[in-house]
Amino acid sequence: MIHIRIGDWHKLPVSLSELCINTTLRCGQSFRWKKSSEDEWSMALHGRILSLRQDSEYLHYRAIFPKPTNSLPTPPPSNSEVDEDDTLALIKHYLNLEPNLADLYAQWASADPNFKKKAPNFTGVRILKQDAWEALIGFICSSNNNISRISQMVEKLCVHYGPLIGHIGTQAYHDFPSPSALTGPKVEQHLRQLGFGYRAGYIYQTAVAVAQKEKGWLDALRNPESPVLGIDPKPAGEMIEGGRDGYRRAHEELLALKGVGPKVADCVCLMGLGWGESVPVDTHVWQIAQRDYKFGKGKNSSLTKATYDAVANKFRSLWGKEAGWAHSVLFTADLKTFSGRLVAKVEVKDEVKILKTENEGLVKEETITETAVVSVKKKTKREFEEEEEQVLKVEETTTRKSKRRKIT
DNA sequence: GAGGCACCTGATAT
DNA sequence: AATATCAGGTGCC
């Protein structure tokens, strides 16, 4: 018999433009969130299963705690209020709810016409404050890979090497394994068997390297303005073109790990260590840079290390200290997962729901319906089934729009 | 420094 | 149906 304690649902007032979990949890920064029911996302975090729901006014959250079956000599006082406060603090920290996203979007939009054009259909994209170690391994898995398989690989790491936290229905939730859990002599071979490919060696070697460092080595590379939960922030120095000293030091240290190149190091800096100026340049971002920011010619005709730095510096000079955040909004807008489908953006005005389609570049409204249909044809069967309902809503809406057009 | 290739795997496109 | 290409790159020559 497993003893658990299921907390009540609580809510936090958050607008969809300040946070959209349906986009933020699926845009490839965290690989562990699972859909636990219709419109509910869950993940094991800090010894509990955290579940999130969202409507247009509130973020709803709940924690499920495991309860040890062997009672301790002096059971710690665990009244529910303490845990609720703890979970609220955890959520505010993990979801990085402090910054005002509308202000940030406005700032990036005023500095950059392309951002101004693309971002309105992708509001509420927030950079999560993830555990640095988990981010490190997750992004080592990401090389030459897709989000779906990365998520499957991370799940395998958790199931085989991470602690079991609990269940929702029949679905087990494991936390992410510690470095030392991945240093066993057969880990690499086992991961190969599990389908990790050449990343098996990277993960094993990086786990050994990190486990041999002094405790807290990775978190010592954090942006002091963005410390771990419970520590007071400190200033992080002056922002310069290539990023602050602490960022560049963190990046350099990470590069020494196997399977960590400039792109993975930047992902860890941005999403695990709190360095907002970190701009990961991958194939998507490189394409965006060529398409929308005049890269791809002359000296920077291919994505070399020099070009990588040039692109990152360009975005830092354009968007400033949180350039990596702005970059993630455009990255998300470019993801195939979100292309041609309804963005999880629902504006509620006087009880009238206005559903927006993306591809704002296509100005003519008569073509929007057609665009939606074409994108449906491109989808895989599973994607289609997942999103069918939403796509139908798009078609309804666009139909309505075109009807309105005919009237006017 | 820059260029070129091999590298695991599973899904999708042709 | 077999084969090429792609997916949030990195290591090594």
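What you see as residue numbers is a count from 1 along each chain, following the sequence as written. Written order decides the labels, with chains lettered from A and ligands numbered from 1. Local features in a predicted model are, by the rule used here, given only for residues with pLDDT of at least 70; side-chain atom pairs are given and counted only at 80 or more, and totals for whole chains, interfaces and linings are based on all residues. Side-chain measures here rest on the full set of heavy atoms in the structure, leaving out hydrogens and waters.

J.: Is there a simple way to explain the protein's contact with DNA strand C in this structure?
T.: We call a residue near a molecule or strand as soon as one heavy atom of that residue lies within 4 Å of the molecule or strand. The full set close to DNA strand C counts 27 residues, and Gly28, Asn144, Gly259, Gly261 and Asp282 are the nearest of them. Of everything in DNA strand C that lies within 4 Å of the protein, sugar and phosphate atoms constitute 58%. Within the contact set of DNA strand C, a base oxygen lies 3.2 Å away from a backbone nitrogen or oxygen of Cys27. With respect to DNA strand C, the backbone of Gly28 contributes an N or O atom lying 2.5 Å from a base oxygen. Helix and strand labels come from DSSP, where a helix needs a run of H or I of at least four residues and a strand needs a run of E of at least two; each type is numbered from the N terminus. Of all elements in the fold, only α10 (262-271), α11 (283-292) and α13 (323-334) reach the threshold of two or more residues within the surface near DNA strand C. Top contributing element to the surface near DNA strand C by residue count: α10, with five residues. When residues are sorted by character, Ala, Val, Leu, Ile, Met, Phe, Trp, Tyr, Cys and Pro go into the nonpolar class, Asp, Glu, Lys and Arg into the charged class, and all the rest, Gly among them, into the polar class. Residue composition of the surface near DNA strand C, grouped by class: twelve nonpolar, twelve polar and three charged. Here a polar contact is recorded for every N or O atom pair within 3.5 Å, except that within protein the pair must consist of a potential hydrogen donor and a potential acceptor, and residues adjacent in sequence are included only if both atoms are side-chain atoms.

J.: What's the story with the UniProt feature "domain: HhH-GPD" (unreviewed entry) in chain A in this structure? I'm lost.
T.: UniProt positions are given in the numbering used here, feature names are shortened, and annotations may be inferred rather than shown by experiment. The sites that carry the UniProt feature "domain: HhH-GPD" (unreviewed entry) are, in the present numbering, residues 141-335. Annotated as residues 141-335, this span is 48% helix and 5% strand, and its ends, taken at the C-alpha atoms, are 18 Å apart.

J.: Looking at this model, I keep getting lost on the pairing of strand β6 (residues 58-66). Mind explaining?
T.: Pairing analysis gives three bridges linking strand β1 (residues 4-6) to β6, with the strands arranged antiparallel. Across the sheet, residue Arg5 finds its bridge partner in β6, namely Phe65. Of the pairings in the sheet, the one linking strand β2 (residues 10-13) to β6 comprises four bridges and is antiparallel in character. Bridge pairing in β6 places Pro13 opposite Tyr58. At least two bridges found by DSSP between two strands are what make those strands a pair.

J.: Quick question: what am I supposed to make of the nonpolar core here?
T.: Most often, soluble globular proteins have nonpolar side chains that are buried together. We define the nonpolar core as a collection of buried residues of types Ala, Val, Leu, Ile, Met, Phe, Trp, Tyr and Cys that are connected through side-chain atoms lying within 4.5 Å of one another. Exposure categories follow from relative accessible area, calculated using a 1.4 Å probe and restricted to protein chains: below 20% of the type maximum is buried, above 50% is exposed, and the middle band is partly exposed. By size, the foremost hydrophobic cluster in this structure holds 77 residues, and its most contacted members are Phe115 and Trp319. Apart from residues lying up to four places away in sequence, Trp319 is in contact with Gln107, Trp108, Asp112, Phe115, Tyr293, Ala326, His327 and Leu330. Ranked by size, the runner-up nonpolar core spans 18 residues in total, among them Leu12, Leu25, Leu52 and Leu90. Pairs of residues are marked as contacts when any of their non-hydrogen atoms sit within 4.5 Å.

J.: Which parts of the structure should I look at to understand the pattern of salt bridges?
T.: Side chains bearing opposite charge may pair, as long as their charged atoms lie close to each other. The rule for a salt bridge is simple: a side-chain nitrogen of Lys or Arg has to be within 4 Å of a carboxyl oxygen of Asp or Glu. All chains considered together, the criterion is met by 16 salt bridges. In this structure, Arg53 engages Asp39 in a salt bridge whose closest nitrogen and oxygen atoms are separated by 2.8 Å. Note that Arg53 is positioned in strand β5 (residues 48-54) and Asp39 in the loop between β3 (34-37) and β4 (40-45), a separation of 14 residues in sequence. In this structure Arg53 comes out as partly exposed when scored by relative accessible area, which is 27%. Residues joined in a network through salt bridges with shared partners are Lys118, Arg291, Asp292 and Asp334.

J.: Can you walk me through unusual backbone geometry in this structure?
T.: Generally, phi is negative for residues other than glycine and the peptide bonds are trans, each holding for most cases. A positive phi is found at His46, a non-glycine position, where the angle reads about 50°. One can find His46 in the loop between β4 and β5. Positive phi is not limited to glycine here, since Asn96 has a value of about 55°. Mapped onto the fold, Asn96 is located in the loop between α2 (80-94) and α3 (101-111).

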